Amino acid sequence: MFVLRDIAHRAFGASHTLRVTVASLGANVVAVLAFALVSAVPAHEVDSYAAVIAALVPSARIVAASAIAFLAANAVDALMYEAVRGRWFSRATVSTSISAPLDSLVFALIAFAGELPASAIAEIVALNTAVKVAMSAAIAAPSLLRRGW
């Protein structure tokens, strides 16, 4: 979540946070490759093997959408967090309010454009953004309560 990236930015600085962001993207790539390797293993009389493989191996388009959205949104989040002055909460609020919808929009457009109607993509973006903002608020709440807003 973007608030976690903002917390790392505040605690360790921009360059360390960038390294962590790239490392987490690398971990995602390793996971995708591991799932692809699992899918190449021959089935051993498992009735639902095809269903398991279909669930574990995302399409290249979904993987690309996720990676591009992740990098774009994290870059924008870092730039906005750095550009905004003021208390941590203000900086995190501004950066998350821009990066969360951007992440959702970039992912949905790359993953689903041409496959789903625009109205469905808009719903995906809205719901994903709402979930990301709610999760960011939940992550930030303990810090805000402890520090007294």
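The rules behind the values
Residues numbered from 1 in each chain as written. Predicted model: local features only at pLDDT ≥ 70, side-chain atom pairs only at ≥ 80, totals over all residues. Heavy atoms only, no water. Patch = residues over 30% accessible without salt bridge, like charges linked within 9 Å, V, L, I, M, F, W, Y side chains within 5 Å. Areas by Shrake-Rupley, 256 points an atom, 1.4 Å probe, with all protein chains shown as cover. Salt bridge = Lys/Arg side-chain N within 4 Å of Asp/Glu carboxyl O. Helix = DSSP H or I, 4+ residues; strand = E, 2+ residues; numbered from the N terminus. Buried < 20%, exposed > 50% of the residue type's maximum accessible area, 1.4 Å probe, protein only. Expected span 1.5 Å × (residues − 1). Core = buried A, V, L, I, M, F, W, Y, C linked by side-chain atoms within 4.5 Å.

Description of a nonpolar patch on the surface
Stage number 1. A contiguous nonpolar surface patch, about 270 Å² in accessible area, is contributed by Leu127, Val131 and Met135.
Stage number 2. Positionally, Leu127 belongs in helix H6 (residues 118-147).
Stage number 3. Look at Leu127 and you get exposed, because its relative accessible area is 56%.

Examining helix H4 (residues 60-83)
Stage number 1. With 24 residues, H4 extends 34 Å between its outermost C-alpha atoms, agreeing within 8% with the 34 Å of an ideal straight helix rising 1.5 Å per residue.
Stage number 2. Within H4, the full set of buried residues consists of Ala65, Ala69, Ala73, Asn74, Asp77 and Tyr81.

Observations concerning the nonpolar core
Stage number 1. One finds Ala65, Ala69, Val106, Phe107 and Ala111 forming the largest nonpolar core, which totals five residues.
Stage number 2. The set of elements that each furnish at least two residues to this core consists of H4 and helix H5 (88-112).
Stage number 3. For this core, the element with the highest residue contribution is H5, accounting for three residues.

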